[in-house]
Amino acid sequence: MQIHTEAEVWLPTVPLADYHDWNNETGAPMSAAEVATTASIANEVVVPEWQNPVFTGTGKEYFRIWIVNLCLSLATLGIYSAWAKVRRLEYFDRNTSFAGGGFNFHGEAKTILRGRIVAVILLFCYHYLFTFSKSLALTFFIFFLLGIPFMMRSALRFRLHQTSYRGLRFQFHGSIQNAYAAYFPVAFVFLLPGLFGVLFPEESYVAGLAFIGYLYWPWLHARMRIYQHDNISYGNLRGSCDMKSGAFSWSYVGVLLALVCAVFLGFLLIGVASMVLQKHGGSLMQYVSRQEAFYLLLGFVMSVIYVLGALACISYIQVVAWNKSWDSTSFPGVDIDSVLPYRPYWLLQVKNFFFTLFSLGLYRPFAIVAIYRFRLAHMRLRSEDLDQVQATRKVGQAQATGDSSADMFGFDLSW
């Protein structure tokens, strides 16, 4: 999005020879060069500078919050997880700033707990009651199809309404019709294999056919992103997203081809290793005492390679989705640019994965902080006048009061 600033400059319509500098005590006429210079300065448009969001938190600080949240959540069988999420979001928002203004989170744990209870009930129904009978599976299938878009919209409204910048809260204006257009196909594709598995338990190929719907996932992913980014507002600034539904398609195709090649090369490596072991078993056994050890080592190497490949694919999709979504998002007078680099982001994910694995999960809070800071460091914004948005604070508060249903009926479904 480009920033357009119109500057209107008034100059007397008189001949250059008769044009006087009225602020000059002498009243001497200005030359043509001086008039041109004055007009050039008056018409000059000051382009605002790019600014990056700043995160001042540290992994050590967040570790103390994370470990307390983890212990209390385990001790209360997950009930404290709602309060844990409030503490986490408050920490990240209050340590994030942009252009001298800070963010904050205002959500209540009771509202989040209500969403957690709903999520647990839905998961229980899907994993256990869903398979009891065909009629029950059809009933829950229809219920989920009708309920998931509504709940996702409510969760988005709640999350944005509880986030503020410079004391002014964000809003989400997505309609229920657009919510069903974005999330109904997602729910259908996700639930259909399970439904076919219940309806046709002895015909596995039928359930397999239901997974064909996942071929549309790149389009569905983009549609969800568009719905999320196209309905954000801040004060009197209404956001928009001009991203196309096929924005992620070629990225997913590339990842799919990479996975196919990786699987093929893996089987090829196993085959070649087996042939070499059978043909030169005697010489190899001088270095490897047992054949099982050889395959164990081979399996370990292949596991590391597949982990690196999986992280490479996941990181690539995340980078593409993040950059394209935010580059396509615009607000009046606000330019957003995301330049998240792929290779450094992937290396950071690799580091976080292995450090978390070898530390038995204790490195997890440091990994979360590192990813959050890295994303913000590669996002920049520029605005004509944020103070002008702040001046419309009363209008934003009126909108927030009118949207109180985001608190009454909203809930958070994420863990």
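Refer to the structure presented above.
Caption draft 1: Molecular detail of the pattern of salt bridges. Per the counting criterion, the structure on display carries three salt bridges. Here Glu 90 ties to Arg 94 by a salt bridge, and the two come within 3.7 Å at their closest N and O atoms. Of the two residues, Glu 90 and Arg 94 are both situated in helix α3 (residues 81-94); the distance of four residues between them amounts to about one turn of the helix. Of the charged contacts in the structure, one is a salt bridge between Asp 337 and Arg 380, with a shortest N-O distance of 2.9 Å. Remark: Arg 380 occurs in strand β11 (residues 379-383) and Asp 337 occurs in strand β10 (residues 334-338); sequence separation between them is 43 residues. Owing to a relative accessible area of 17%, Asp 337 belongs among the buried residues under this scheme.

Caption draft 2: The arrangement of helix α6 (residues 176-199) in detail. Remark: the principal bend of α6, roughly 35 degrees, maps to Leu 191, with a proline, Pro 193, within the next four residues. Taken together, the buried positions of α6 are occupied by Ala 179, Ala 182, Tyr 183, Val 186, Ala 187, Val 189, Leu 191, Leu 192, Pro 193, Leu 195, Val 198 and Leu 199. In this structure, the buried side of α6 is in contact with α4 (109-127), α5 (134-161), α7 (204-210) and α8 (217-229).

Caption draft 3: Layout of the sheet that holds strand β1 (residues 54-55). Strand order in the open sheet made by the seven strands is β1-β2-β3-β4-β5-β6-β7, with antiparallel pairing throughout. Pairing within the sheet leaves two strands with one partner each, and these edge strands are β1 and β7 (237-238). Where strand β5 (residues 168-172) lies against strand β6 (residues 232-234), three bridges are found, and the strand directions are antiparallel. What sits directly across from Phe 170, in β6, is Tyr 234. Running over the sheet, α5 touches β3 (101-105), β4 (163-165), β5 and β6 and is turned about 165 degrees from β5.

Caption draft 4: Highlighting the pairing of β11. Counting buried positions over the five residues of β11 gives four, a clear majority of the element. In this structure, β10 lies alongside β11, joined through five bridges in antiparallel fashion. Within the sheet, the bridge partner assigned to Asp 335 lies in β11 and is Arg 382.

What counts as what
Residues numbered from 1 in each chain as written. Predicted model: local features only at pLDDT ≥ 70, side-chain atom pairs only at ≥ 80, totals over all residues. Heavy atoms only, no water. Salt bridge = Lys/Arg side-chain N within 4 Å of Asp/Glu carboxyl O. Helix = DSSP H or I, 4+ residues; strand = E, 2+ residues; numbered from the N terminus. Buried < 20%, exposed > 50% of the residue type's maximum accessible area, 1.4 Å probe, protein only. Bend = angle between axes of the 7 residues up to and from the residue. Contact = heavy atoms within 4.5 Å. Pairing = 2+ DSSP bridges. Axes fitted to C-alpha atoms, helices over the stretch in contact; angles between N-to-C directions.

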